[in-house]
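# Structure assessment
Each chain, written out:
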Amino acid sequence: MSARDVMALARRITALTGAGVSLESGVVRFRFDASAFLTSARVRREVWESWLDDPLWTAEPNAAHRALAGLQRAGRVRSLLTQNVDGLHQRAGSPVVELHGTMSRVVCVSCGAVGAMGEALARVRGGEVPPDCAVCGGVLRPAAVAFGEPLPDDVLRSARMAVLDCDVMLVAGTSLTVEPAAQLVPLAAKAGAAVVICSLDPTPYDSLAAAVVREPAASALPELAAVPVVATGPIRTWGDPSTW
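Presented here is a report on the structure given in the accompanying data block. The shown structure was predicted, so the numbers you read here are calculated from the model rather than taken from an experiment. (Residues numbered from 1 in each chain as written. Predicted model: local features only at pLDDT ≥ 70, side-chain atom pairs only at ≥ 80, totals over all residues. Heavy atoms only, no water.)

### What to know about the nonpolar core
Ranked by size, the top nonpolar core spans 26 residues in total, and within it L170, V196, C198 and L221 carry the most contacts. Secondary-structure elements contributing two or more residues to this core are α1 (3-8), β1 (13-17), α4 (63-73), β2 (77-82), β7 (168-172), β8 (194-198), β9 (211-213) and α9 (217-225). Those residues in contact with L170 that lie beyond four places of it in its chain are I13, T14, A15, L16, L68, V196, C198, L221 and L224. (Core = buried A, V, L, I, M, F, W, Y, C linked by side-chain atoms within 4.5 Å. Buried < 20%, exposed > 50% of the residue type's maximum accessible area, 1.4 Å probe, protein only. Helix = DSSP H or I, 4+ residues; strand = E, 2+ residues; numbered from the N terminus. Contact = heavy atoms within 4.5 Å.)

Now the structure itself:
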C-alpha cells in the first residue's frame, strides 16, 4: 500500500513531527547541555550569546507546517505532536502538544517564574549576560526539554492517548531515535493504526509502517494532505469506548 492509499482512508490522524519538518525554514535541531548550563556561569554566558543570532528567531513556517495546519482545519488531524521547540507549527495556525517544550519562553530554575524568551534576549543584547531571574535572581533557562531530561508526565500521557485514538499515525521529519517520543510509533501500530513515515533516512520503525516516503517533509506532506478521503463508515480505534 502506498502512502497516498493510506491517506485516502485516513480520517482521524495523529501526526508526530521532528526537526526535519523545519529544515526548509532554516532551523536546525536544538539541543543544549542542561548540566553544564546550570552549573557554569561561563557556559551560560556563551550559550546565551550564541542564541542571539539563531535562525530560529526569524524562521517562517514552510509548506510542511502549512499542510498539517490545513489537515487540522479540515478535521482530519486530531492531534499534532511535535518534538520541535521552534513554534513554527503554532505560527502556521496549529494547536500542538509540545513534547520537548518550547524556546519561546524561559523559566527560573529556583522560583519557577516564567517569562518571554524575547525579553531575555533583549537583556542579553543590552549587556546582561547571562540574564538572571527578575523575581529572585535565579538561573533562567529555556522552557525546553534538554537532552537527557525526562518529558513531563502530563505531556507524555496526552501523547499516548492521542496515538491510541487515531486510524493513521503520520510521522514526518524525525529519525525516531529519541525516547520516549519514538515509542509512540510502535504503540500506535499495536493499537491498530496504519503508520506512514516521511523521512529522508531509515528509522528503527520503518518495518512497522504501512508506507514509507523518502522525500523532504516540505514536499511530501503537501502531496499527502491533498489526497481526498474515500473511506466511509465508523472509525474504530482504541480511543473509541465502543471498542473497549
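Once the structure has been displayed, the description carries forward.
### A word on the packing of aromatic side chains
Counted by the stated rule, this structure contains two aromatic pairs. Look at F37 and W51: their rings are 5.8 Å apart centre to centre, the planes differ by 35°, and that puts the pair in the tilted class. Within this pair, whereas F37 is found in helix α2 (residues 34-39), its partner W51 is found in helix α3 (residues 41-51), the two being separated by 14 residues in sequence. Here F37 matches W51 in class, with each residue buried. On the basis of an interplanar angle of 80° and a centroid distance of 5.0 Å, the ring pair of W48 and W51 is categorised as edge-to-face. Residue W48 and its partner W51 are both found in helix α3; the two are separated by three residues, about one turn of the helix. Judged by relative accessible area, which is 0%, W48 ranks as buried. Since its relative accessible area comes to 5%, W51 is described here as buried. (Phe/Tyr/Trp six-rings, centres within 6.5 Å; stacked < 30°, edge-to-face > 60°.)

### Here we look at the sheet that holds β9
Overall, parallel pairing links the six strands, which are arranged β3-β2-β1-β7-β8-β9 in an open sheet. For this open sheet the edge positions go to β3 (97-98) and β9, each flanked by a neighbour on one side alone. Pairing between β2 and β3: two bridges, direction parallel. Across the sheet, residue T82 finds its bridge partner in β3, namely E98. (Pairing = 2+ DSSP bridges.)

### With respect to unusual backbone geometry
One can expect most non-glycine residues to show negative phi and most peptide bonds to be in trans. A cis geometry characterises the amide bond from V129 onward to P130, with omega recorded as -5°. Although it is not a glycine, L176 adopts a positive phi angle of roughly 55°. By the secondary structure assignment, L176 is in the loop between β7 and α8 (184-190). Given a relative accessible area of 3%, L176 falls into the buried group.

### Topic: α4
Think of an α-helix as turning once every 3.6 residues; residues three or four places apart then point the same way. Along α4, the positions that sit buried rather than exposed are A64, H65, A67, L68, A69, L71 and Q72. Taken together, the buried residues of α4 touch α1, β1, β2, α5 (88-91), β7 and α9. Phi turns positive one or two residues past the end of α4, at G75, with a value near 85°.

### Digging into the packing of α4 against α9
Two quantities define a packed helix pair, namely the angle between the helix axes and the distance between the axes. The N-to-C vectors of α4 and α9 enclose an angle of 25°; their axes lie 7 Å apart at closest approach. In terms of orientation, α4 and α9 fall into the roughly parallel class. Two packed elements cross with a definite hand, and for α4 against α9 that hand is left-handed. Of the residues in α9, those in contact with A63, A64, A67, L68 and L71 of α4 are A217, A218, L221, P222 and A225. (Axes fitted to C-alpha atoms, helices over the stretch in contact; angles between N-to-C directions. Parallel < 35°, antiparallel > 145°, perpendicular 65-115°, else oblique. Left-handed = near helix turned anticlockwise from the far one by under 90°.)

Don't take any of this as a statement about function, it's just geometry.
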